[in-house]
Amino acid sequence: MTAAPPEPPADAGVVTRLGSGGPWEALYGYSRVVRAGSLAITAGCTSTVDGRVAHAGDAAAQTAQAIRIGLDALAEVGAGPGDVVRTRMYVTDQIFADEVGRAHNAVFGPVRPVATMVVVAGLIDPDLLVEVELEAYLPA
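These notes cover the structure that comes with them. Everything numeric here is computed off the predicted structure, so don't read it as measured data. (Residues numbered from 1 in each chain as written. Predicted model: local features only at pLDDT ≥ 70, side-chain atom pairs only at ≥ 80, totals over all residues. Heavy atoms only, no water.)

## Focus: the environment of Leu18
Here is step 1 of the chain: Tracing the backbone shows Leu18 in strand E1 (residues 15-18).
Here is step 2 of the chain: Each C-alpha atom of the pair Leu18 and Tyr90 lies 23 Å from the other, and the pair is 72 residues apart in sequence.
Here is step 3 of the chain: Ignoring any residue separated from it by four or fewer positions in sequence, one finds Leu18 in contact with Ser31, Arg32, Val33, Glu76 and Val77. (Helix = DSSP H or I, 4+ residues; strand = E, 2+ residues; numbered from the N terminus. Contact = heavy atoms within 4.5 Å.)

The following block contains the structure:
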């Protein structure tokens, strides 16, 4: 006799899409955070506050701000820092890698999500030095 498959979580078919009111979301057609069942994913988060780049020239402070923005978005769909299972960091120059990595560790050191850091040619605003994406898993 074969066991019946497990029942899917009650919210398995629900997708929640939220914006933050950032300057590019409506213009380019994306959400700040999407939760689909147990998975919650942010769009790329930068140090853009009220439509302006905060902490120009300071990669560590931009990283901390971007992570805060991402965590605030995840909180809107019920996820916290301990639920983060993956991060991606995009830096505009390799010289920023250590300070960006240390700013990441200041928040996620105890959580230890899988992480990727990539050097890119540039971001949407030349004053932006880093962009961060967060993914969280919320067990049913």
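Picking up after the structure, the text goes on.
## Focus on a nonpolar patch on the surface
Here is step 1 of the chain: Where nonpolar side chains cluster on the molecular surface, the patch consists of Leu27, Tyr28, Tyr30 and Ile124 and spans about 430 Å² of accessible area.
Here is step 2 of the chain: Assignment of secondary structure puts Tyr28 in helix H1 (residues 25-28). (Patch = residues over 30% accessible without salt bridge, like charges linked within 9 Å, V, L, I, M, F, W, Y side chains within 5 Å. Areas by Shrake-Rupley, 256 points an atom, 1.4 Å probe, with all protein chains shown as cover. Salt bridge = Lys/Arg side-chain N within 4 Å of Asp/Glu carboxyl O.)

## Thoughts on the layout of surface pockets
Empty space among the atoms can be located by rolling a probe the size of a water molecule over them.
Here is step 1 of the chain: Of the voids in this model, the largest pocket is the one considered here, and its volume is about 470 Å³.
Here is step 2 of the chain: Along the wall of the largest pocket there are 24 residues; nearest its centre are Ser20, Gly22, Arg32, Thr48 and Ile69.
Here is step 3 of the chain: When residues of the lining of the largest pocket are traced back to their parent elements, those giving at least two are strand E4 (48-49) and helix H2 (59-76).
Here is step 4 of the chain: Considering every element that reaches the lining of the largest pocket, the biggest residue donor is H2, with four residues.
Here is step 5 of the chain: Here the lining of the largest pocket is built from residues that sort into eleven nonpolar, eight polar and five charged. (1 Å grid on protein atoms, 1.4 Å probe; cavity = no way out; pocket = protein on both sides within 12 Å on 5 of 7 lines; lining within 4 Å. Points joined across faces, edges and corners; volume = space filled by probe spheres on them. Nonpolar A, V, L, I, M, F, W, Y, C, P; charged D, E, K, R; others polar.)

## Re the environment of Pro110
Here is step 1 of the chain: Its location among the elements puts Pro110 in the loop between helix H3 (97-108) and strand E7 (114-119).
Here is step 2 of the chain: Look at Pro110 and you get exposed, because its relative accessible area is 76%.
Here is step 3 of the chain: Along the sequence, Pro110 and Ser47 sit 63 residues apart, while their C-alpha atoms lie 23 Å from each other. (Buried < 20%, exposed > 50% of the residue type's maximum accessible area, 1.4 Å probe, protein only.)

## Things to note about the pairing of strand E3 (residues 39-42)
Here is step 1 of the chain: In E3, alternate side chains face the same way, and those of Ala40 and Thr42 are buried while those of Leu39 and Ile41 on the opposite face are not.
Here is step 2 of the chain: Of the strand pairs in this sheet, strand E2 (residues 33-36) and E3 are connected by four bridges, and their pairing is antiparallel. In the sheet register, Val33 faces E3, and the bridge partner there is Thr42.
Here is step 3 of the chain: Taken together, E2 and the strand that follows it, E3, pair antiparallel across an intervening segment of two residues, in which Gly37 is found at a positive phi of about 60 degrees.
Here is step 4 of the chain: For E3 and strand E8 (residues 130-137), the ladder comprises three bridges, and the chain directions are antiparallel. Paired with Ile41 across the two strands is Glu135, which belongs to E8. (Pairing = 2+ DSSP bridges.)

## A closer look at the sheet that holds strand E6 (residues 84-91)
Here is step 1 of the chain: Strand order in the open sheet formed by six strands is E1-E2-E3-E8-E6-E7, with mixed pairing between adjacent strands. In this open sheet, the two edge strands, each paired with only one partner strand, are E1 and E7. Strand after strand, the sheet turns through a mean of 10 degrees between neighbouring axes, direction not considered.
Here is step 2 of the chain: Taken together, the seven bridges between E6 and E8 define a ladder with antiparallel strand orientation. The partner of Thr87 across the bridge, within E8, is Leu134.
Here is step 3 of the chain: Docked against the sheet, H2 engages E1, E2, E3, E6 and E8, running at close to 30 degrees with respect to E8. (Axes fitted to C-alpha atoms, helices over the stretch in contact; angles between N-to-C directions.)

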